[in-house]
Amino acid sequence: MAPLVWLITGTSSGFGAAMVEDVLSRGDKVIATARNIDKIASLKEAGAAILKLDVTSPPEELKKTAAEAAGIYGSIDVLVNNAGNTHFGMLEDATPDDWQAQFGSNFFGPIYTTQAFLPYMRKQKSGTIVFISSLAGFQGFSTLSLYCGSKHAMTGAAASFAGEVSGLGIRTVTINPGFFRTSLLATGNTRYIDTRFDDYKPMLKQAYEQFEGIDGNQVGDPVKGAARIVDVVRGEGLAKGKEFPASLYLGPDCYAAAVKQAEDNLALLKEWKELSNSTDYS
Ligand SMILES: NC(=O)c1ccc[n+]([C@@H]2O[C@H](COP(=O)([O-])OP(=O)(O)OC[C@H]3O[C@@H](n4cnc5c(N)ncnc54)[C@H](OP(=O)(O)O)[C@@H]3O)[C@@H](O)[C@H]2O)c1
């Protein structure tokens with residue numbers, strides 16, 4: 001396989017940094033991006049090209065960054081929409097600014113970044129776009145409506161977008177990781193919004209303590225997770241010989257949750273079949 005050129009957002013830590021290292025180890029080229037490029041100096045030393053890219057930048061700025069990126073190696077074969085963060089809080093407490101901030105980085109960011117890079121992929125009639133969604137992209141969790149909402153929105157948009165570009169030689173995959181030991185739940189990347197309502201205080205306290213306890217103890221290894229994502233894109237390792245998937249559940253916790261959800265959905269569909277099918281004109 002000829003070396004691919006990757007561009008990955010949010011490579012200062014976690015999955016992003018691990019993917020850059022893995023991509024380089026396979027002989028591909030990679031443009032590592034971050035909103036603060038001082039944080040990715042080590043990736044440059046490892047052989048990556050680096051570029052400043054804040055996914056919440058205005059679309060026009062993202063288009064300029066895409067043009068600069070496309071000029072580095074002459075093409076962009078794989079775009080990984082990885083950058084993201086987590087905002088916790090009760091739906092009733094979250095302000096319009098809170099919703100905008102969470103959707104800005106986790107939904108509008110990947111969408112506008114994809115729009116910026118698409119012209120290059122359409123021109124070359126090939127490309128792969130990876131959307132890093134989440135377990136929270138297909139399930140709901142109390143106190144996580146902001147994060148879940150942003151990831152569900154990305155998953156839905158990506159699923160619709162897939163059919164728009166499949167005839168143009170462009171593949172898309174949505175990756176749903178379970179809990180992996182990255183910086184995602186560390187202070188700085190996570191925002192805990194307080195509640196104004198006594199009714200929610202016990203639930204919020206319990207949830208925040210639980211999530212703070214999870215930080216640093218997640219069973220998922222981001223180096224292995226990143227390698228599996230690269231396997232899928234390159235059709236290597238456990239992905240060898242398999243058809244390129246529309247979506248992927250990464251980590252045993254996420255896989256088990258997806259299976260349970262599918263089974264529960266089927267049971268619900270069966271239970272409500274008569275009512276569901278009773279609405280057409282006679
Ligand atoms: N770890 C998990 O358990 C898990 C589970 C499901 C989904 N995910 C998803 O995986 C992706 C990567 O997260 P991670 O787990 O690797 O956590 P991480 O270590 O916190 O990495 C998040 C990255 O996103 C970057 N970022 C945040 N806002 C940005 C912006 N506006 N522009 C550019 N970069 C930005 C951060 O950069 P800074 O250093 O500048 O903050 C950081 O490099 C996220 O989309 C996350 O939602 C993770």
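Further up the page is the structure itself.
Just so you know, these numbers come straight off a predicted model, no measurement behind them. (Residues numbered from 1 in each chain as written. Predicted model: local features only at pLDDT ≥ 70, side-chain atom pairs only at ≥ 80, totals over all residues. Heavy atoms only, no water.)

1. A look at the overall build of the protein chain
- When helices and strands are counted, the protein chain shows nine helices and nine strands.
- The globule rule puts the C-alpha radius of gyration for 282 residues at 19 Å, and the 20 Å found for the protein chain is close to it.
- Once the C-alpha set of the protein chain is aligned to its principal axes, its extents read approximately 55 × 50 × 35 Å.
- Out of the 282 residues belonging to the protein chain, those deemed buried represent 45%.
- Carbon and sulfur atoms make up 54% of the accessible area of the protein chain, which totals about 14,700 Å². (Helix = DSSP H or I, 4+ residues; strand = E, 2+ residues; numbered from the N terminus. Rg over C-alpha atoms; globule rule 2.2 N^0.38 Å. Buried < 20%, exposed > 50% of the residue type's maximum accessible area, 1.4 Å probe, protein only. Areas by Shrake-Rupley, 256 points an atom, 1.4 Å probe, with all protein chains shown as cover.)

2. Details of the packing of aromatic side chains
- Scanning the model with the defined rule gives 12 aromatic pairs in all.
- Seen in terms of ring centroids, Phe-88 and Phe-211 are 4.6 Å apart; in terms of plane orientation they differ by 50 degrees. Their pairing is tilted. One end of the pair, Phe-88, is in strand β5 (residues 86-88); the other, Phe-211, is in helix α6 (residues 201-214), and 123 residues separate them in sequence. You'll find Phe-88 and Phe-211 in the same group, each marked buried.
- Ring geometry for Phe-108 against Tyr-112: centres 5.8 Å apart, planes inclined by 25 degrees, an arrangement best described as stacked. (Phe/Tyr/Trp six-rings, centres within 6.5 Å; stacked < 30°, edge-to-face > 60°.)

3. What about the environment of Pro-222?
- Residue placement: Pro-222 occurs in helix α7 (residues 222-234).
- Linking Pro-222 and Ser-13, residues 209 residues apart in sequence, is a C-alpha distance of 9.9 Å.
- With residues near it in sequence (within four places) discarded, Pro-222 still touches Phe-15, Ala-18, Phe-180, Arg-181 and Thr-182. (Contact = heavy atoms within 4.5 Å.)

4. Some remarks on helix α4 (residues 96-124)
- With 29 residues, α4 ought to run about 42 Å at 1.5 Å a step, and its terminal C-alpha atoms sit 40 Å apart, in line with that.
- Of the residues flanking the end of α4, it is Lys-125, one or two places downstream, whose phi is positive at about 55 degrees. (Expected span 1.5 Å × (residues − 1).)

5. Some words on the site of the ligand
- Close to the ligand lie 29 residues; Ser-12, Ser-13, Asn-82, Tyr-147 and Thr-182 are nearest.
- Within the side chain of Ser-13, an N or O atom sits 2.7 Å from an oxygen atom of the ligand.
- When the ligand is considered free in solution it has 880 Å² of accessible area, and contact with the protein chains removes 97% of it.
- At the level of elements, α1 (14-25) and α5 (145-165) are the ones that each hand at least two residues to the shell around the ligand.
- Its residues assigned to classes, the shell around the ligand shows 10 nonpolar, 15 polar and four charged. (Near = heavy atom within 4 Å. Polar contact = N/O pair within 3.5 Å; in protein donor to acceptor, adjacent residues only side chain to side chain. Nonpolar A, V, L, I, M, F, W, Y, C, P; charged D, E, K, R; others polar.)

6. Let's talk about the packing of helix α3 (residues 59-73) against α4
- Here α3 crosses α4 at 40 degrees, and the two axes come no closer than 9 Å. As far as their axial angle goes, α4 and α3 are oblique. Between α3 and α4 lies a crossing whose hand is right-handed. Two secondary-structure elements touch here, α3 through Pro-59, Leu-62, Lys-63, Ala-66, Ala-67, Ala-69 and Ala-70 and α4 through Tyr-112, Thr-113, Ala-116, Phe-117 and Tyr-120.
- Residues that form the contact of α3 with α4 fall into these classes: 10 nonpolar, one polar and one charged. (Axes fitted to C-alpha atoms, helices over the stretch in contact; angles between N-to-C directions. Parallel < 35°, antiparallel > 145°, perpendicular 65-115°, else oblique. Left-handed = near helix turned anticlockwise from the far one by under 90°.)

7. A short note on unusual backbone geometry
- Despite not being glycine, Lys-125 shows a phi value in the positive range, around 55 degrees.
- Within the secondary structure layout, Lys-125 lies in the loop between α4 and β6 (127-132).
- If you check the backbone angles, Thr-143 has positive phi at about 75 degrees while not being a glycine.
- Within the fold, Thr-143 resides in the loop between β6 and α5.

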